[in-house]
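Summary of the model geometry
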Amino acid sequence: MSRGGSPVLGEIAFKVAAGETVALIGPSGIGKTSLLRAIAGLGGEVSGRIDAPKQLAYVFQEPTLLPWRRAVDNITLPTGASPSVARQALGEVGLAGKESLFPDQLSLGQQRRLSLARAFASNPELLLLDEPFVSLDAALASEMMGLVTTFQKTSGAAILLVTHAPEEAAELADRTLLLSGHPAQISQETARKAAMA
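For the structure given in this document, a descriptive report is provided here.

On to the nonpolar core, then. With 37 residues, the main nonpolar core has Leu114, Leu116, Leu127, Leu129 and Phe133 as its most contacted residues. Elements represented by at least two residues in this core include exactly strand 4 (56-59), helix 3 (83-92), helix 4 (108-121), strand 5 (126-130), helix 5 (138-155), strand 6 (158-162) and helix 6 (166-172). A per-element tally of this core places helix 5 first, with seven residues. In contact with Leu127, other than residues within four places in its own chain, are Ala57, Val59, Ala119, Phe120, Phe151, Ala158, Ile159 and Leu160. Leu126, Leu128, Ala158 and Val162 belong to the second-largest nonpolar core, a separate cluster that totals 14 residues.

Below, the structure is given as structure tokens:
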């Protein structure tokens, strides 16, 4: 993968099965977010093949909400979901009763919940998570990871998670992939969670 004629990522090959969560870890600047963006079709020249379902959702590191729209509209407008589906998704993430609030009336944790609700409402086959729990306290991060786990169990979606936190990978992932920076190499590690199973 290249951007502006400069290489960003070398050759990478991996699969994420339906119902599986794969965590992608590696040092800052190694290309983890670039890889997610390439999978989502959000930029960069890619040689080779990316087989991603059309129905995918991307939860960015920052909430990326529409500040001039109410919470329910932040779901219905980008996803095409009905207001009733949007309200159901808000309820699933603990934001019932906040449908009419604007993003700046929500805490950072609530904004992140809204981003998750938007992703859930789109009913994706593949859910891309780019450090969605960063800067949250441990209790809230754990609660949000539980929301992701519940969503996956009910939807059967595949999940690709970028994280710097080994405990997040151990909590959520069936497999952990290390983006090492060596040419044409991505090493596979067994998540601690899987090792203890």
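Continuing now.
With respect to the helices and strands, the residue Thr79 is situated in helix 2 (residues 73-79). C-alpha of Thr79 to C-alpha of Ala121: the two residues are 42 residues apart in sequence and 7.2 Å apart in space. If we ignore the near neighbours within four places in the chain, the residues touching Thr79 are Arg118 and Ser122. A distance of 2.5 Å separates a polar side-chain atom of Thr79 from the backbone oxygen of Ile75.

Below, the discussion takes up the pattern of salt bridges. All told, the structure shown has two salt bridges when counted by the stated rule. For Glu20, the salt bridge is made with Arg175, and the minimal N-O distance between the two is 2.6 Å. You can see Glu20 sitting in the loop between strand 2 (6-7) and strand 3 (21-25) and its partner Arg175 sitting in strand 7 (residues 175-179), a full 155 residues away along the chain. The two residues Glu20 and Arg175 agree in class, both being buried. Where Arg113 meets Glu143, a salt bridge forms, and the shortest distance between an N and an O atom there is 3.0 Å. One end of the pair, Arg113, is in helix 4; the other, Glu143, is in helix 5, and 30 residues separate them in sequence. The exposure class assigned to Glu143 is partly exposed, which follows from its relative accessible area of 42%.

Reading the values: the criteria
- Residues numbered from 1 in each chain as written.
- Predicted model: local features only at pLDDT ≥ 70, side-chain atom pairs only at ≥ 80, totals over all residues.
- Heavy atoms only, no water.
- Core = buried A, V, L, I, M, F, W, Y, C linked by side-chain atoms within 4.5 Å.
- Buried < 20%, exposed > 50% of the residue type's maximum accessible area, 1.4 Å probe, protein only.
- Helix = DSSP H or I, 4+ residues; strand = E, 2+ residues; numbered from the N terminus.
- Contact = heavy atoms within 4.5 Å.
- Polar contact = N/O pair within 3.5 Å; in protein donor to acceptor, adjacent residues only side chain to side chain.
- Salt bridge = Lys/Arg side-chain N within 4 Å of Asp/Glu carboxyl O.

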